[in-house]
Amino acid sequence: MNPLVLWFHKLGSPPYFYRLAGRLLPWLWGLGLISLAVGLYGGLVLAPSDYQQSDAFRIIYVHVPSAWMSLFIYAFMAVNGFIALIWRIKLSETLAMASAPIGAAFTFICLATGSIWGKPMWGTWWTWDARLTSELVLLFLYFGVMGLYQAIEDRRQASRAAAFLALVGIVNLPIVHFSVNWWNTLHQGSTVRLFGPSLIDSRMLWPLLVMAVATKFLFAASLLSRARVDLLELEAGKDWARQVALADGDAA
Amino acid sequence: MSYGTALSACRALFVRDFSLVWRQRGDALNPMLFAIMVVVLFPFALGPEPNALARIASGTILVALLLAGLLSLDALFRSDFEDGSLEQLVLSPHPLPLLLACKIAVHWLTTALPLLLAAPLLGELLYLPRSELPVLLAALALSTPLLSLIGAVCVALTVGMRRSGMLLALLVLPLYVPVLIFAAGACNAAGQGLPVLAPLLWLGAGLALALVLAPLACAAALRISLS
Amino acid sequence: MNPTRKRRLVVISLILVAVVVAAALTVLALQQNITYLYTPVEVQAGKVPADARFRLGGMVKAGSIQRAGDSLKTGFVVTDGDAELDVEYTGILPDLFREKQSVVTTGRMDGKRFVATEVLAKHDENYVPRDVAEAMAKAHKKHEVSESKPAAQ
């Protein structure tokens, strides 16, 4: 078998993943916290203030990365859900379900910071703008996935049903992303663009990109921590899980 | 052994579901009574002033009908699941999405259509301006099948659960939000004399997609929750 | 053709039909004004019925802001480059409200004036440090470049 495919198969096995994630975790947390510190210092202290909004613009260093993460994590959850439904890989089910609460948290941060910024800048805490509404629907979708997962007793069936709901909800992702172009109401368009020049000065841009990297690391670290625990719970009867539990017991 | 054509299976399913509803015709009226009572609560809560009521009339009717539809969703597969005929349906050699589309159609005809016919009466109760009524009816005619189709997918996911009422609402309502926005948008625009075509076209686009995709998704969801 | 393939063909063609119909309706819908956001030109062309509550979008004209001394009443002119409209508003204005700023106001026409019940400042997607903005303003002045930004659509 091709070594890459072999590695993939190995990754799908819970004990291998458990050990690998355990080795990766300190690195991920470390890198995440360091880049978070760098990004926040750069954004809150080093970056010059904006010509119109002065210091109030600095909230984008939290708002924009969490908005990106809210979409990224949903896509991640849906892809894993898809893999779980088609190939029935246990690891994908666990990863999809472990990412839902993290995504909900990022969505909530995004909405809350946007609201705090909106009051002084736009003049309102909340408006039924297309971007805001679709982001709120995204939060409810996360809640729906989590609620469905908790409500079914059989863990594997629960994750498959919830993964299916996540797949249905994916229609909301393009709506969130393109809402500022389709319904040009109040929320501004995207500042940082993948294609073409970004509409932000480079001295302001780099902390934003560092924050984007930091949130990715923090998500990965948090996801792996959650997934390890979930896997142990799911495989509680298996030998490897018992060994892990016994080893931890001896160490303590 | 021959199974008959898919068409005859659909016909049999229609006859069966309609006769089941007819045998319990008292229950079939419940969603309508619920919607009327919800609408009647508003004048009590807000005071009987015609101007104030007329302004919120179309939105109130939309929400009342949406909630009535939500409450009746649970019955879509409930009795079939309990007596085992749902599993027979899944095991049948005919395409499951087609059979489910028939079930959803019967459900819409027996729960949403009476509500639709009651809408003018509800409008009168809330002093709905006459000029808004045709737009409201058009919005309802497009949105209620859409709600039934989206709801059916979520019901299929929760079909095996004993207490699914609250959870079902949690799953369904976010997906209902866009439908409600467009339907209410059309009614509000009509009230202000602004053009109403765009939101209705959006609803139509959604309905066209849901008519084909929702039965397929519903079948997949049902297979997951019955596995 | 075997039955499975035939069924698959039917499903795929049905999906195609649905997508085509939905796309056609969407294209039609996108040609309409769905946000009910009108610019002064459209208002003066009579596209908005009298008494309708709608949203007016545009830029605050330079030097047009007049504040009443004893109340929160503010008058200003909203322009889209081609036409102008007087707006009257009573209440607290957002921080970003200033000259040459895009605003979205909600209200209705009262004669020739637009009486707003809500004024929101629209922020664009540009972020510029203060020193750079000042340097650019100087350069603009030197070269006599007239600052013309597109109005809110």
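Reading guide: rules and limits
- Residues numbered from 1 in each chain as written.
- Chains lettered and ligands numbered in written order.
- Predicted model: local features only at pLDDT ≥ 70, side-chain atom pairs only at ≥ 80, totals over all residues.
- Heavy atoms only, no water.
- Helix = DSSP H or I, 4+ residues; strand = E, 2+ residues; numbered from the N terminus.
- Buried < 20%, exposed > 50% of the residue type's maximum accessible area, 1.4 Å probe, protein only.
- Contact = heavy atoms within 4.5 Å.
- Areas by Shrake-Rupley, 256 points an atom, 1.4 Å probe, with all protein chains shown as cover.
- Lys, Arg positive; Asp, Glu negative; His and termini not counted.
- Charge placed at Lys NZ, Arg CZ, Asp CG, Glu CD.
- Pairing = 2+ DSSP bridges.
- Salt bridge = Lys/Arg side-chain N within 4 Å of Asp/Glu carboxyl O.

**Student:** Can you break down the overall build of chain A residue by residue, with the values?
**Tutor:** When helices and strands are counted, chain A shows nine helices and zero strands. Counted from the first residue to the last, chain A has its helices and strands arranged as α-α-α-α-α-α-α-α-α. Expressed along its principal axes, the backbone C-alpha trace of chain A runs to roughly 60 × 40 × 35 Å. The proportion of buried residues among the 252 residues of chain A is 50%. Residue pairs at least 24 apart in sequence account for 74% of intrachain contacts in chain A once pairs closer than 6 positions are excluded. Accessible area for chain A stands at about 11900 Å²; split by element, carbon and sulfur atoms hold 70% of it. On chain A, the mean spot of the 18 positive side-chain charges and the mean spot of the 14 negative ones are 5 Å from each other.

**Student:** Help me get a handle on the pairing of strand S5 (residues 84-90) of chain C, residues and values and all.
**Tutor:** All names here are of chain C. Relative to S5, strand S4 (residues 73-79) is paired through seven bridges, and the arrangement is antiparallel. Opposite Lys73, over in S5, you have Thr90 as the bridge partner. The antiparallel hairpin formed by S4 and S5 contains four residues in its connecting segment, where Gly81 sits at a positive phi of about 95 degrees. Note: S5 against strand S7 (residues 113-121), three bridges, orientation parallel. The residue bridging Glu88 from the neighbouring strand is Val115, located in S7.

**Student:** Which residues make up unusual backbone geometry, and what are the values?
**Tutor:** With a phi angle near 55 degrees, Arg88 of chain A is a residue other than glycine that sits in the positive phi range. Considering the arrangement of structural elements, one finds Arg88 of chain A in the loop between helix H3 (60-87) and helix H4 (90-121). Positioned with a positive phi, Tyr127 of chain B is a non-glycine residue whose angle comes to about 55 degrees. Relative to the helices and strands, Tyr127 of chain B resides in the loop between helix H7 (96-125) and helix H8 (133-157).

**Student:** Explain the interface of chain A and chain B to me, using residue names and the numbers behind them.
**Tutor:** Contact with chain A, which involves 18 residues of that partner, is made by 20 residues of chain B. Put simply, chain A and chain B have zero salt bridges between them. For the side of chain A that touches chain B, the secondary-structure elements that each account for two or more residues are helix H5 (130-151) and helix H6 (155-168) of chain A. The biggest single contributor to the side of chain A that touches chain B is H5 of chain A, with nine residues.

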